[in-house]
Amino acid sequence: LYQQCWEVQKKTLGEDHPATLSTLNSVACALIRQERYSQAEVLFRNCWEVRKKTLGEDHPDTLKALNGMAVAVDGQGNHDKAVELLQGCWEDMKKKLGEEHPHSLECLYDLANALKNQGNHSKAEKLQRDCCELSEKTLGINHLQTLKYKKNLDSIITNMK
């Protein structure tokens, strides 16, 4: 359905229109959920490139596309590149939105995952603990995102044993 919507928007609004790019980002997210990482990377990269030109490199929507692209890269097994992209993205998100913003927290979560996948469990654990603490402070202890972050922390700790 997202794919059909994106095709219609491209024709009617143009490829660079914010609504078209938002739908493109949604298509790429759906591909991530389906573990179709290579296809998702292409779409996220396209979205990221256009948003860099139209919105600027440090715009939150541009950074969200970069974050998604890095997750797709990580899903393909290129953990080193994913960590590099996510570290830069997280730093930019912290500067632009603050470290407690939900987008920043999600980027930190993705960075911790990439570090875990890279085999750097101690650094992944530290960043995931930070993510949990910030999420509890800003979203609350029982918020779904906080619970997701805690589950990931448990996974990291379990894999270290």
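Notes on the structure in this doc start here. (Residues numbered from 1 in each chain as written. Predicted model: local features only at pLDDT ≥ 70, side-chain atom pairs only at ≥ 80, totals over all residues. Heavy atoms only, no water.)

1. Things to note about helix 5 (residues 79-97)
- For helix 5, built from 19 residues, the straight-helix expectation of 27 Å at 1.5 Å per residue is met to within 8% by its first-to-last C-alpha distance of 25 Å.
- Every buried residue of helix 5 is listed here: A82, V83, L85, L86, C89, W90 and M93. Taken around the axis of helix 5, the buried residues stretch over an arc of 165°, which confines them to a single face. In helix 5, the exposed positions angled more than 90 degrees off the buried face are occupied by D80, E84 and K95.
- The elements touched by buried residues of helix 5 are helix 4 (60-75), helix 6 (102-118) and helix 7 (121-138).
- A positive backbone phi angle near 95° is found at G98, which sits one or two residues after helix 5. (Helix = DSSP H or I, 4+ residues; strand = E, 2+ residues; numbered from the N terminus. Expected span 1.5 Å × (residues − 1). Buried < 20%, exposed > 50% of the residue type's maximum accessible area, 1.4 Å probe, protein only. Arc of directions from axis to C-beta. Contact = heavy atoms within 4.5 Å.)

2. A few points about the packing of helix 3 (residues 37-55) against helix 4
- Where helix 3 meets helix 4, the axes come as close as 8 Å, and the angle between the chain directions of the two elements is 155°. For the element pair helix 3 / helix 4, the angle class is roughly antiparallel. Our pair here, helix 3 against helix 4, has a crossing hand that is left-handed. Only D61, T62, A65, L66, G68, M69, V71, A72, V73 and G75 of helix 4 make contact with helix 3, whose side of the interface consists of Y37, A40, E41, F44, R45, C47, W48, R51, K52 and L55.
- By residue class, the composition of the contact of helix 3 with helix 4 is twelve nonpolar, three polar and five charged. (Axes fitted to C-alpha atoms, helices over the stretch in contact; angles between N-to-C directions. Parallel < 35°, antiparallel > 145°, perpendicular 65-115°, else oblique. Left-handed = near helix turned anticlockwise from the far one by under 90°. Nonpolar A, V, L, I, M, F, W, Y, C, P; charged D, E, K, R; others polar.)

3. Regarding the state of the cysteines
- In total, this model carries zero disulfides according to the counting rule given.
- Considering cysteine sulfurs only, C47 is the nearest to C29, which forms no disulfide, with 9.1 Å between them.
- By relative accessible area, C29 is classed as partly exposed at 28%.
- Between C89, a free cysteine, and C107, which holds the nearest cysteine sulfur, the sulfur-to-sulfur gap is 3.8 Å. (Disulfide = S-S within 2.5 Å.)

4. Description of the nonpolar core
- L43, L111 and L127 are the most contacted members of the largest nonpolar core, which has 43 residues in total.
- For this core, the element with the highest residue contribution is helix 6, accounting for eight residues.
- When neighbours within four sequence positions are excluded, L43 is seen to be in contact with W6, L24, V27, A28 and L31. (Core = buried A, V, L, I, M, F, W, Y, C linked by side-chain atoms within 4.5 Å.)

5. Section: the packing of helix 6 against helix 7
- Two numbers describe how helix 6 lies on helix 7: the axes approach to 8 Å, and their chain directions differ by 160°. Taken together, the axes of helix 6 and helix 7 are roughly antiparallel relative to one another. Read as a crossing pair, helix 6 and helix 7 show a hand that is left-handed. Every residue of helix 7 that contacts helix 6 at L105, L108, Y109, L111, A112, L115 and K116 is listed here: H121, K123, A124, L127, Q128, D130, C131, L134, S135 and T138.

6. Let's talk about the environment of K53
- Take K53: it is sitting in helix 3.
- Judged by its relative accessible area of 72%, K53 is exposed.
- Separated by 37 residues in the primary sequence, K53 and D16 place their C-alpha atoms 9.5 Å from one another.

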